[in-house]
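Remarks on the overall topology
Okay, here's what each chain looks like letter by letter:
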Amino acid sequence: MEKWFIKNKGNDYKKIAKDFKISEFLSKLLVNRDITDYRLIDSFIYPDLSKLHSPDFMKDLLKGASIIKEDIINKRKIRIVGDYDVDGVISIYLLYRGIKKCGGNVDYVVPNRIDDGYGINIEIIKEAKIDNIDTIITCDNGIAAIEQIEFAKKLGLTVIVTDHHDIPFILDEKGEKKYLYTDADAVINPKQEDCKYPFKGLCGAAVVFKLIQKLYSIFNLPQEEIYYFLEYLAIATVCDVVDLVDENRIIVKKGLELLNKTKNIGLKALIKETGIEGKEIGVYHLGFIIGPNINASGRLDSALKAIELLLSDDLDSADTLAKELRELNDERKEMTKEGVEKIVKIIETSELKDDKVFVIYEPEIHESIAGIIAGRIKERYNKPTIVLTRGKDGVKGSGRSIEGYNMFEELSQCKDLLSRFGGHPMAAGLSLEEDNIIKLRKSLNKNTILTDEDLIPKVYIDMQIPLEYISFKLINEIKLLEPFGKGNTKPIFGEKNLKINRAFILGANRNVLKLILENESRKTLEGIFFGDIEAFENTIENIYGKNELNKVYSGIDNNIKIDILYYPSINEYNGNTNLQIIIQNYRVSRNVAY
């Protein structure tokens, strides 16, 4: 059972509305998202490329660009070392294209997820030395590769780190953080303590974008050409689940405009192969269709295929690669479904279900989907979840967290049990010896400050809006907040004590519930529910009885009243346009405040 709360932020939304000449409704939605800084509000309401921050603010960026400039001028060999996820693939693509455009001699490698693990490693460094590489540039990795970069420096290689992950640290005897840094020639990461860059929430590809922007300036290339990269950067930004505020909002909004008329042969092939050709591509398509298909190559095969797709200039090869990625993603989805079922069975048939932090070992799960499965389990139980499996060189796993639980910091306190780890507050990757699995589980649960209350899912409602306030104008105002995503979630509204005049089950698979709802002011509106219809019926029947449920389906006056969470929308069908609401969740009305 989830708890509902109405957001009640303390800022003066009326003053913001007046200062920016927007409605109080829109102003309150911004305040609810903690967008109260006037610079942020301005870039949010009026997203424009001119409001992107200058790359000059980023620590070591000029130093890194200067090293690359000298390499290009002196014809030295540059090698990009990326990551195998969407952010890593896009980072490699952007950096490769950018350096090539400036005249550089550059190539790239991607660690194999199974054989090499995450990030730059000793073998990659040795190969670079054998291949007479002068400079290695990491992207979307490297900030935690302290020993590896030290080895590269001993071999005489130049190393530039571009990354966006949290800076690794250890706790000293006083329990205070001591941050660890590599001795790379340049470390470009806005999360460094002494980095003056005004926005810390960029994905890895966006950090690379800033570096290319500087290179274009150094080589006197037209600055407007850098913005062609935004369609790719939008994919990485959405798929890396960073907050869609500040620069990220501008990147995604402008990137989607470009992506909907993309000329990239590989992307067009993938869009066609995944069945979204001709549709208006939005954040959903990036996060749940395009992104997962790009990701699938790095999970089950090689991320090189996804890079080749983006670089492809041949229609036939692009079609072939797009088909391979789609097939890999279909395989990944089936493996994920089976893996989730296994983990749920383990939880439900063991003492694990009583833990506040799940640490679950299932050796047969493919290590490439451990993170996806951890995410699904986290969503199901609303508990921080780490899924471990048997890797090539020991136990590997991925974790996904809930709000209020910093997984990266919690794992940092168990560093002595881990062979390797890294990540963010909400996600982490790790490896350890099998003997340490139980110790890790006990340590995380013993030291957690999570309470039972913390584990109850909480839904924060933007405001209670009666049905009569829903209008086309209101919906158009909400659209000004798009694109929605992390840090700018789709608004949720609430309404209480609604009578159900009638219910219909629709759809070819009878999986859509339509309710004709009426509030206390006698306003009626259609509500559409895509959730579990059987659970809805059981809830109504348990409270009101079978007879009242039958009345609802027959359109007969009944005693049922519900509270709902909803999102207003426009229904267009057979040339008719009307208002409706999409019901997110419901509860039997108790005539109490939220």
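On a predicted model such as this, the values are computed, not experimentally measured, just so you know.

Pairing is parallel in the open sheet, where five strands are placed in the order S3-S2-S4-S5-S8. Strands with a single pairing partner mark the edges of an open sheet, and in this sheet they are strand S3 (105–109) and strand S8 (186–188). On average, adjacent strands in this sheet sit at an angle of 20 degrees to one another, irrespective of strand direction. Where strand S4 (residues 135–139) and strand S5 (residues 158–162) come together, five bridges link them in parallel fashion. When the bridges of S5 are listed, Thr 138 appears paired with Val 161.

Relative to the elements of secondary structure, Val 512 occurs in strand S17 (residues 512–518). Overall, the relative accessible area of 15% leaves Val 512 in the buried class. A C-alpha to C-alpha distance of 7.6 Å links Val 512 and Ile 533, two positions 21 residues apart in sequence.

Before going further, it helps to examine the pattern of salt bridges. A side chain with one charge can pair with a side chain of the opposite charge if their charged atoms come near. This model, assessed by the stated rule, comprises 37 salt bridges. Between Glu 247 and Lys 210 there is a salt bridge, with the nearest N and O atoms lying 2.6 Å from each other. Taken together, the positions of Glu 247 in helix H10 (residues 246–259) and Lys 210 in helix H8 (residues 204–218) put the pair 37 residues apart, joining distant regions of the chain. Owing to a relative accessible area of 0%, Glu 247 belongs among the buried residues under this scheme. In this structure Lys 210 comes out as buried when scored by relative accessible area, which is 2%. Note that Glu 273 and Arg 326 form a salt bridge whose closest N and O atoms lie 2.9 Å from each other. With Glu 273 in helix H11 (residues 265–273) and Arg 326 in helix H14 (residues 315–348), this pair connects stretches of sequence that are 53 residues apart. Note on Arg 326: relative accessible area 24%, which makes it partly exposed. One network of salt bridges, with partners in common, ties together Glu 273, Arg 326, Asp 330 and Lys 333.

Its place among the elements puts Val 552 in helix H20 (residues 546–554). Measuring from C-alpha to C-alpha, the distance between Val 552 and Ile 124 comes to 66 Å, with 428 residues separating the pair along the chain. What Val 552 contacts, discounting residues up to four positions off in sequence, is Ile 500, Asn 501, Arg 502, Ala 503, Asn 558 and Ile 560.

The UniProt entry lists residues 461–584 under the feature "domain: RecJ OB" (unreviewed entry), expressed in the numbering used here. The distance separating the terminal C-alpha atoms of residues 461–584 is 11 Å; by composition the span is 23% helix and 42% strand.

This part covers the nonpolar core. If you look at the biggest cluster of nonpolar residues, it comprises 127 residues, and the most contacted ones within it are Leu 94 and Ile 290. Split by domain, the residues of this core number at least three in each of domain 1 (3–7 + 459–588) and domain 2 (55–226). When sequence neighbours within four positions are dropped, the list of residues in contact with Ile 290 reads Ile 235, Leu 259, Leu 270, Ile 271, Ile 276, Ile 281 and His 285. Counting residues in each nonpolar core, the second largest holds 24 residues, with Val 357, Ile 386, Ile 402 and Leu 432 among its members.

The rules we used
- Residues numbered from 1 in each chain as written.
- Predicted model: local features only at pLDDT ≥ 70, side-chain atom pairs only at ≥ 80, totals over all residues.
- Heavy atoms only, no water.
- Pairing = 2+ DSSP bridges.
- Helix = DSSP H or I, 4+ residues; strand = E, 2+ residues; numbered from the N terminus.
- Axes fitted to C-alpha atoms, helices over the stretch in contact; angles between N-to-C directions.
- Buried < 20%, exposed > 50% of the residue type's maximum accessible area, 1.4 Å probe, protein only.
- Salt bridge = Lys/Arg side-chain N within 4 Å of Asp/Glu carboxyl O.
- Contact = heavy atoms within 4.5 Å.
- UniProt positions renumbered as here; feature names shortened; annotations may be inferred.
- Core = buried A, V, L, I, M, F, W, Y, C linked by side-chain atoms within 4.5 Å.
- Domains from an automatic or database assignment.

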